[in-house]
Amino acid sequence: MDIWEELYERARPLYHPEETTPFLFTHHVVCALESENGEIYTGFCIESCCGVMDLCAERTAALSMYMSSGQTVVRRILTFRDRPPYGGGSGMPCGACREFLMQLSPKNRDAEIMVDYEKRETVTLGELITRWWGAERCEQAAEK
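Predicted model, so just to flag it, every value in this text is computed and none were measured. (Residues numbered from 1 in each chain as written. Predicted model: local features only at pLDDT ≥ 70, side-chain atom pairs only at ≥ 80, totals over all residues. Heavy atoms only, no water.)

J.: Please provide a residue-by-residue account of helix α2 (residues 57-69), values included.
T.: Think of an α-helix as 3.6 residues a turn; residues three or four steps apart then line up on the same face. For α2, built from 13 residues, the straight-helix expectation of 18 Å at 1.5 Å per residue is met to within 8% by its first-to-last C-alpha distance of 18 Å. Those residues of α2 that fall on the buried side of the exposure criterion are A57, E58, R59, T60, A61, A62 and M65. Buried residues belonging to α2 abut β2 (24-35), β3 (40-48), β4 (74-80) and α3 (95-104). Downstream of α2 by a residue or two, G70 has a phi angle that is positive, lying close to 80 degrees. (Helix = DSSP H or I, 4+ residues; strand = E, 2+ residues; numbered from the N terminus. Expected span 1.5 Å × (residues − 1). Buried < 20%, exposed > 50% of the residue type's maximum accessible area, 1.4 Å probe, protein only. Contact = heavy atoms within 4.5 Å.)

Structure follows, in structure tokens:
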């Protein structure tokens, strides 16, 4: 079993979309990440009726990592709904998650994000940030 299969198998049981309360919908997006020291942490999406309190699966997994171990660096991250990432943007962290991961540690630019599970295609967070922020802004942030 490779690391991507391991991440998938760790996150898969968390996928069971449910209306937790009339105000919260949970477990409809799940995530597993590998920390810098090789430990695996999982998380799931928590969506509230007001929106501002939503937590994506990536952020809950990263928060779990930090709260459990104090680690801030992510090696790999796999996020999905009812099936593993299959290309076309599936499995991509949202802008808030990208920003949070970069604020957690500048080293997270090197974190691999699973783009296509079957093809084992990945992209680094840094590559996504460069497309999103622009190369000049990324260079300025890296210098700080």
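J.: With reference to specific residues and values, describe the pattern of salt bridges.
T.: A side chain of one charge can pair with a side chain of the opposite charge if their charged atoms are brought near each other. The tally for this structure, following the rule as stated, stands at seven salt bridges. What emerges from the salt-bridge pattern is a single network uniting E34, R75, R76 and E112. (Salt bridge = Lys/Arg side-chain N within 4 Å of Asp/Glu carboxyl O.)

J.: Go over the side chain of E34 with me, naming the residues and quoting the values.
T.: Mapped onto the elements, E34 comes out in strand β2. Of the polar contacts made by the side chain of E34, one reaches the side chain of R76; its length is 2.3 Å. Contact partners of E34, with chain neighbours within four places excluded, come to I3, L7, E39, V74, R75 and R76. (Polar contact = N/O pair within 3.5 Å; in protein donor to acceptor, adjacent residues only side chain to side chain.)

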